Amino acid sequence: MAQKKWPETWQEVTPGCMIFEGGNSREYHTGSWRAQRPVWDNAKCIKCGICYIFCPEACVKEDAQGYFAADLDYCKGCGICAHECWPGAITMVEEG
Amino acid sequence: MMSTAKPISIVENFEIYAPKLVDKEEFFCSGHRACQGCGEALAIRLMCKALGKDTVIANATGCMEVIATPYPATAWTLPWIHVAFPCAAAVGAGVEAGLKVLRRKGVNPDRYIKTVTIGGDGGTVDIGLQALSGAMERGHDMLYVCFDNEAYMNTGIQRSSATPFGASTTTAPAGKASIGNKTWKKNVPEIMVAHNIPYVATASPSYPIDFMNKVKKARAIQGPAYIHCLSVCPTGWRAKSEECIKLGRLAVETGVFPLYEVENGVYRLTVETPDPLRPVTDYIKAQGRFRHLTPDEIRTIQRRVNLEYRKLMNKVEHSLSWTE
Amino acid sequence: MSKRIGMEIALATAEAVALCRPDVIAAYPITPNTHIPEHLSDIVAEGRLDAEFICVESEHSAMSACAGASGTGARAFTATSSQGLLYMYEVLGIVSSMRLPVVMAIGNRAISGPINIWNDHSDIMTMRDLGWLSLFAANGQEAVDMIIQAFKIAEDPAVQLPINVNLDGFQLTHMVEALFLPDEKEVDRFLPRRKPYAALHPDHPVTMGALGMPDIFTEATKARDQALVDSKKVILKVWKEWEKQFGRRYEPIEAYKTKGADVVMMTMGSMGETAEIAVDELRREGVPVGLLKLKLWRPFPFEEMKKAVRGVKTLIVTDRCCSLGGPGGPLAAEVRSALYAEAERPAIENVLIGLGGRDVTVNDFKQMFRQAGKSRGIYEFYGVRG
């Protein structure tokens, strides 16, 4: 979707402030909030998908090889994935 | 007839590869403004995966409504309506009725669309209880999921009737003259069972497969269903954000929040709890909202947890089905 | 062909609602409008109307359920009065802001306290500012007609706003009147199925009821206000269509024998019928008085108001409620405000009458006319003992 000009004029506000572009929250990159980010060690990863399941931001994505990584546009650095990873393949690293 | 199904064991049989089989579509998208490590946002995300596309959501005012739909942004790809705080269940009832009529009259396609109403503990067990009771009593074909983070978190961590005994909140704070919240958690699943609805369950995103299975089961019921989902709130519980899932697990392992379901009156534990239960102090010590409690006060909590657990297990062992 | 029948107005209103084929009715009983939802539930139970009748557990839930139903694109209706209206109060503004064309019949009743189940306008006046369109019926025929018009107005693509039709509790709701009830075919021709602006369905998902932060709230409010102001065009258009199809004429302010009248009275609701008789009798005595019956309350009919009072020396505005401690009854305060900028405007007097169901007789109205011009202050409680 094209980036809407914001703030809108009163004529541009959708009636009822309804929103028709589902999931356009993605335009806001919550990644700017974090103080640390997860780093995967694929050598240890068993590809179980637990990190993908437990991410509240839905930002852990599986790649073509079946390994996982966080979409840093959205990752808030909560650390759940690192904490839950069974083989300890994920480490939280301070943001520079 | 008692249920003879064996509950899933926590560790040995945990289907660790099941997450890979979960539907990858996201209905609750990134970019929402929840706190880092929000158990409730995670729970909603998982619930939606279990519900699928043919769902309409009615949402009470609360954390999830505010963080997900700041105009002009929405994290939802499902059709979604929010009206006010106390009436989510009534709005859901209206949605259910509207969808039913429009399908019957041929205005909408001839396809079953599920109505799901969600609310926090505030919008469900306190201000929303009347509407919930009314909707469940009238038998609307609607699933209600309460995302319980045990206080009015959105307005600043005020006490609700779902706040556990001894928790410090901003309207029942711990201090020299107070233990914090002085009352025991209101048992809303029991209230729902008393409404004679076909399905009631407790759930937690720390047990995602169990939670999603319950959502699927509830969705399939053409009638009222209720799921009470413990949503860990690291912000309000003063816990580490990365321990969100661990705390949900501890709530189950200590018997504070056992995971069970009630189908037509038959109680069944769906996730095995350790025997003996882990001491409640394991759960409490990880949360700042209980930091002030003395060993005596913790013992009081332990006794009550034991009692409530015994009451539940009594029902699990002896409950009879309402159906023939 | 419309049939002329004698029927209790509340029941006739319910029949009129049923003719509009509502999809969802969610109502909670409260005197004196109860006969409306009761009769609707009868009609549904007899199989004459295919609708979901939800026996909600409170008025707050009634309006909330209507909001949810309207959100799916269904045609939703409810009825209430007084305390029931107050109980659903927070949802009223929301339904308007969400642009859901819910139709509500209000059997006007005094708001407590002391608790009083009889007719006055204090209930509807509490919701002036919430963004609902508002019509006032003076008799049973108007109630029936306005309910059907209401659906068409509210659902018009250029409007998409909730609307209430006001009928005086007991004075209208419980009276039997001879009136024309349109038949199904006529109403189907007048009122097609609702075509919602947006509907809750996975085939076309939408988020309804988003959070509006300070940087958008003013614009959202302006947009809604403009929608209300612009809706008058649609209301007049619908009234023209009604006149063409059913032969009965409606206008925002109906003038009765105002030609050459020095003193004109303004009423809303059923009092206008009684005041008409007073005007007739005084006119027969040679006293030049007239009557203005306000039918359109929101959006406020500014242009029609200015035109209606041109040349009038004294305008007696009757209010069937009191704005306690305020600058007059609601109608008088708004009329004064609307005419303030006019170079020529009548002297405006405000009488509060008929509070809490007190009967206002033809003689009372004649008395009010005769007392015109005698200074009364900003407002006056007519006939108060003491």
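Residues numbered from 1 in each chain as written. Chains lettered and ligands numbered in written order. Predicted model: local features only at pLDDT ≥ 70, side-chain atom pairs only at ≥ 80, totals over all residues.

Draft legend 1. How the structure looks around the sheet that holds strand β4 (residues 76-80) of chain C. Residue and element names in this part refer to chain C. Reading across from one edge, β3-β2-β4-β5-β7-β6-β13 is the order of the 7 strands in this open sheet, with mixed pairing throughout. Looking at the sheet topology across the chains shown, the edges are occupied by β3 (52-54) and β13 (296-298). The sheet shows a mean angle of 20° between the axes of neighbouring strands, taken without regard to direction. In the sheet, strand β6 (residues 133-136) pairs with β13 via 2 bridges, with the strands oriented antiparallel. Directly across from S134, in β13, lies its bridge partner R298. (Pairing = 2+ DSSP bridges. Helix = DSSP H or I, 4+ residues; strand = E, 2+ residues; numbered from the N terminus. Axes fitted to C-alpha atoms, helices over the stretch in contact; angles between N-to-C directions.)

Draft legend 2. Main features of the environment of P37 of chain C. All names here are of chain C. By the secondary structure assignment, P37 is in helix α2 (residues 35-45). Residues P37 and A223 lie 186 residues apart in sequence; the distance between their C-alpha atoms is 33 Å. What P37 contacts, discounting residues up to four positions off in sequence, is I25, A27, P29 and A79. (Contact = placed C-beta atoms within 7 Å.)

Draft legend 3. Structural detail: the interface of chain C and chain B. Each side of the interface is counted separately: chain C has 40 residues, and chain B has 41 residues. For the side of chain C that touches chain B, the secondary structure elements donating two or more residues are β2 (24-26), β3, α3 (59-71), α5 (89-97) and β9 (207-208) of chain C. Counting residues per element, the side of chain C that touches chain B draws most heavily on α3 of chain C, at 9 residues. Of the residues that constitute the side of chain C that touches chain B, the class distribution is 22 nonpolar, 12 polar and 6 charged. The pairing of strand β2 (residues 80-82) of chain B with β9 of chain C spans 2 bridges and is classified as parallel. Bridging from a neighbouring strand, I81 of chain B pairs with M208 of chain C of β9 of chain C. (Nonpolar A, V, L, I, M, F, W, Y, C, P; charged D, E, K, R; others polar.)

Draft legend 4. Layout of the domain arrangement of chain C. The domains assigned to chain C are domain 1 (3-246) and domain 2 (253-381). Contributions of two or more residues to the side of domain 1 of chain C that touches domain 2 of chain C are made by α6 (122-125), β6, β7 (163-168) and α9 (214-246) of chain C. (Domains from an automatic or database assignment.)

Draft legend 5. Main features of the interface of chain A and chain C. Of the residues lining the interface, 12 residues belong to chain A; the matching set on chain C comes to 18 residues. Class assignment of the residues belonging to the side of chain A that touches chain C gives a composition of 8 nonpolar, 3 polar and 1 charged.

Draft legend 6. Structural detail: the packing of helix α1 (residues 9-19) of chain C against α2 of chain C. All names here are of chain C. Contact pair α1 / α2: the axes reach a minimum separation of 8 Å and the direction vectors enclose 50°. As the angle between them shows, α1 and α2 are arranged oblique. Remark: the crossing between α1 and α2 carries right-handed chirality. Contact with α1, carried on its side by A10, L11, T13, A14, V17 and A18, involves H35, I36, H39, L40 and I43 of α2 and no other residues of that element. (Parallel < 35°, antiparallel > 145°, perpendicular 65-115°, else oblique. Left-handed = near helix turned anticlockwise from the far one by under 90°.)

Draft legend 7. Seen up close, the packing of helix α10 (residues 271-284) of chain C against helix α13 (residues 362-370) of chain C. Residues and elements named next belong to chain C. Packing of α10 against α13 brings their axes to within 8 Å, and their N-to-C directions diverge by 60°. With respect to their mutual orientation, α10 and α13 come out oblique. Here α10 runs over α13; the crossing is right-handed. Packed against α10, whose contacting residues are T274, A275, I277, A278, E281 and L282, the element α13 presents V362, F365, K366 and F369 at the interface. Residues belonging to the contact of α10 with α13 are distributed by class as follows: 7 nonpolar, 1 polar and 2 charged.

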